[in-house]
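Each chain, written out:
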Amino acid sequence: MKARVGISILIALVLVNILVYRVVCRWDMTDDKHYTISAPTKQLLGQLDDTLTITILLEGELNPGFTRLKHAASELVDEFSVYVDRKIQSRPLSSSMQQGLDPIVIHERTHKGQMAQTTVYPYAIVEYKGNKRLVNLLHNQRGLSGEENLNRSVESLEYGIVEAIRSLVQTKVEKVAFLEGHGELTERDVYDLTHQLARYYQVDRGVLGQEVGILDDYAAVIIADPQLPFSESDKYIIDQYIMQGGRVLWLVNGVQFSSDYLTTQGFTPIVALDLHISDMLFRYGVRINHGLVQDLQCQLVPVDVSTDSQQPNWQPIPWTYSPLLLTSQQSPITRNVAQLSATMVSAVETVGGEDGIRKEVLLATSSASKITGVPAEINLGLGVDDEQSYRYAYIPVAVSLEGEFSSLYAH
């Protein structure tokens, strides 16, 4: 029986770096520090050894929303300059900068009730050492109003501009690795992720072998949906990589099921998936539960409800095993990310108490959830059962762990 998971348990293991930064004289009074540039951004800006030029293309008769976006972008650039010893400069906007760019056409009513049309170029041009990057400042998401999209765009300014700066400054190409040998997702399965990572990293794939330290040259290691147990040798190599400051992205599920059988037959049994890594993860501070979460806040899936095989009747039904997960706005990993769609997800819980490890929930279910234990059978045609049984709230399904970890093989 083979299983594939849409979104599984995410555990980022990162050693703490202690950094010292200069102080900027601008206070952020928001609870989640939306408008304070992050420590990694300050570190990146401090590495600049040449002039950085940032040009904001938002000009002309802008409505209040785009005017606020322009002011926020300009203020962000001004704050950047505090950390780069005045190496940031701007230059006058010219019409040639807009050539080849796709404008945004805004249709709105004037105060006289007439329809007006405005052309906006929501971009910034970032230049460094003769190279340039174009940044789209507007992040539109379907289903959100214009005001909501502009708010999200303001909150995403730092990420977008810093991503462009990083790509210009980066001289050494770091490496990341997808592990193989335990039934992980194939290269085809993770093509979209690999494509995005390849913009900044050298992406490798391979089995571990027997050499301790084989992972030491990698900035991060990704273990994507393994289905076969890990040997003690493999666990030891991964453990020692983490002890040296390595970062591991665990995409692991607590159950095994057959997505093919679920699609063709309408049901699948689920059993516990034992990868022999429970002791390892427990030592680091987390436990993956053998079960699946169900959530009333979920996707709709088409199901044939007809009793006549010759006349199918496809109707959308709530599929509680595909929750729409809530994202943490406190973590830079998930801040400003909308709800995430998942399929067949296990719960995760942190353990260890006061062990010096920073534990942060990244993704959780809604306020109406429950857990199906194993062994059990998942039936596509059942729909939503008794809503009163969904009495759990905000079950974590993804966490990050950061700190100085104890080795599983310490003694």
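Trainee: Tell me what's going on with the packing of aromatic side chains, and back it up with residues and numbers.
Mentor: In the structure shown here, the tally under the stated rule is four aromatic pairs. Plain terms: the ring middles of Tyr236 and Tyr409 are 5.2 Å apart, the flat faces sit at 75° to each other, and that makes the pair edge-to-face. Of the two residues, Tyr236 is situated in helix H6 (residues 232–243) and Tyr409 in the segment after strand S23 (396–402); the sequence distance between them amounts to 173 residues. Consider the rings of Tyr261 and Phe267, whose centres lie 5.3 Å apart with planes at 85°: the pair is edge-to-face.

Trainee: Describe the sheet that holds strand S12 (residues 255–256), naming the residues involved and giving the relevant values.
Mentor: The strand order across the open sheet built from three strands is S12-S13-S22, with neighbouring strands paired in antiparallel fashion. Sheet topology places S12 and strand S22 (376–379) at the edges, where each strand pairs with a single neighbour. Sheet topology note: the strand S13 (residues 267–272)/S22 ladder contains four bridges and is antiparallel. The partner of Phe267 across the bridge, within S22, is Asn379.

Trainee: So what's going on with the layout of surface pockets? Residues and values would help.
Mentor: The gaps of empty space that remain are located by a probe, the size of a water molecule, rolled over the atoms. Of the voids in this model, the second largest pocket is the one considered here, and its volume is about 350 Å³. Lining the second largest pocket we find 17 residues, and of these Leu262, Thr263, Gly266, Pro302 and Leu380 sit closest to its centre. For the lining of the second largest pocket, the secondary structure elements donating two or more residues are helix H7 (259–265), strand S16 (298–304) and strand S17 (314–327). Among the elements that make up the lining of the second largest pocket, the one with the highest residue count is H7 (five residues). By residue class, the composition of the lining of the second largest pocket is nine nonpolar, seven polar and one charged.

Trainee: Which residues make up the packing of helix H2 (residues 64–82) against helix H4 (residues 157–169), and what values do they have?
Mentor: Direction vectors running N to C along H2 and H4 enclose 50°, while the axes themselves pass 10 Å from each other. Considered as vectors, H2 and H4 are oriented oblique to each other. Pair H2 / H4 crosses with right-handed handedness. Seen from H2, the contacting residues are Leu69, Ala72, Ala73, Leu76 and Phe80; seen from H4, they are Leu157, Glu158, Ile161, Val162 and Ile165. Among the residues making up the contact of H2 with H4, the classes are represented as nine nonpolar, no polar and one charged.

Trainee: Break down the pairing of strand S7 (residues 131–136) for me, citing the residues and quoting the values.
Mentor: Within a regular beta strand, the side chains point alternately toward one face of the sheet and then the other, so they alternate between its two faces. Bridging between strand S6 (residues 123–128) and S7 involves six bridges; their strand directions are antiparallel. Residue pairing across strands places Ile125 opposite Leu134, the latter belonging to S7. Between the end of S6 and the start of S7, which pair antiparallel, lie two residues, with Lys129 showing a positive phi angle near 50°.

Trainee: So what's going on with helix H3 (residues 146–155)? Residues and values would help.
Mentor: Think of an α-helix as 3.6 residues a turn; residues three or four steps apart then line up on the same face. Listing the buried residues of H3 in full gives Asn149, Leu150, Ser153 and Val154. Around the axis of H3, the buried residues are gathered within 140° of arc, so they sit on the same side.

Trainee: Give me the lowdown on the nonpolar core, citing residues and values where you can.
Mentor: Counting residues in each nonpolar core, the largest one holds 36 residues, and the members touching the most others are Phe66, Phe80, Val126, Leu137, Ile161 and Ile165. Secondary-structure elements contributing two or more residues to this core are helix H1 (39–46), strand S2 (52–56), H2, S6, H3 and H4. In terms of nonpolar packing, the next biggest core, distinct from the first, is built from 29 residues, Ala177, Ile238, Leu275 and Leu281 among them.

Trainee: Describe the environment of Leu150, and please don't skip the residues or the numbers.
Mentor: Considering the arrangement of structural elements, one finds Leu150 in helix H3. Its relative accessible area of 10% is what places Leu150 among the buried residues. The spacing of Leu150 and Arg68 is 82 residues in sequence and 8.6 Å in space, taken between C-alpha atoms.

Trainee: I'd like a rundown of the pattern of salt bridges, residues and numbers included.
Mentor: Applying the stated criterion to the full structure yields seven salt bridges. Salt-bridge contacts for Lys129 lead to Asp49; the nearest nitrogen and oxygen are separated by 3.0 Å. Residue Lys129 is found in the loop between S6 and S7, and its partner Asp49 is found in the loop between H1 and S2; the two are separated by 80 residues along the sequence. In this structure, Arg205 engages Glu180 in a salt bridge whose closest nitrogen and oxygen atoms are separated by 2.8 Å. With Arg205 in strand S9 (residues 201–206) and Glu180 in the loop between strand S8 (174–179) and helix H5 (191–197), the pair connects residues that are 25 residues apart, well separated along the chain.

Reading the values: rules and limits
Each chain carries its own residue numbering, running from 1 in the written order of its sequence. Under the rules for a predicted model, residues below a pLDDT of 70 receive no local features and side-chain atom pairs below 80 are neither given nor counted, while totals for whole chains, interfaces and linings still include all residues. Excluded from the side-chain calculation are hydrogens and water; included are all heavy atoms of the structure. Here is the rule: rings of Phe, Tyr and Trp (six-membered ring for Trp) pair when centre to centre is within 6.5 Å. Planes less than 30 degrees apart are stacked, more than 60 are edge-to-face, and the remainder are tilted. Numbering of helices and strands starts at the N terminus; helices are DSSP runs of H or I of at least 4 residues and strands are runs of E of at least 2. Pairing between strands requires that DSSP locate at least two bridges from one strand to the other. The rule is simple: put a 1 Å grid over the protein atoms alone, call a set of points where a 1.4 Å probe fits but cannot get out a cavity, call an open set with protein on both sides within 12 Å along at least five of seven lines a pocket, and count a residue as lining if it has an atom within 4 Å of a point. Grid points are joined across faces, edges and corners, and a volume is the space filled by probe spheres set on the points. Three classes are used: nonpolar for Ala, Val, Leu, Ile, Met, Phe, Trp, Tyr, Cys and Pro, charged for Asp, Glu, Lys and Arg, and polar for all others, with Gly counted as polar. Geometry is summarised by axes, namely lines fitted to C-alpha atoms with helices restricted to the contacting stretch, and by angles between N-to-C directions that run from 0 to 180 degrees. Note on angle classes: values under 35 degrees are labelled roughly parallel, values over 145 roughly antiparallel, values of 65 to 115 roughly perpendicular, and the remainder oblique. Should the near helix be turned counterclockwise from the far one by less than a right angle, the crossing is left-handed, whereas a clockwise turn marks it as right-handed. Here, residues are in contact when the closest pair of their heavy atoms is within 4.5 Å. The classification of residues rests on relative accessible area computed with a 1.4 Å probe and restricted to protein chains. Under 20% of the type maximum is buried, over 50% is exposed, and intermediate values are partly exposed. Regarding the arc, it is the one traced by the directions from the helix axis to the C-beta atoms. As used in this record, nonpolar core signifies buried Ala, Val, Leu, Ile, Met, Phe, Trp, Tyr and Cys residues forming a set joined through side-chain atoms within 4.5 Å. The term salt bridge refers to a pairing of a side-chain nitrogen on Lys or Arg with a carboxyl oxygen on Asp or Glu at a separation within 4 Å.

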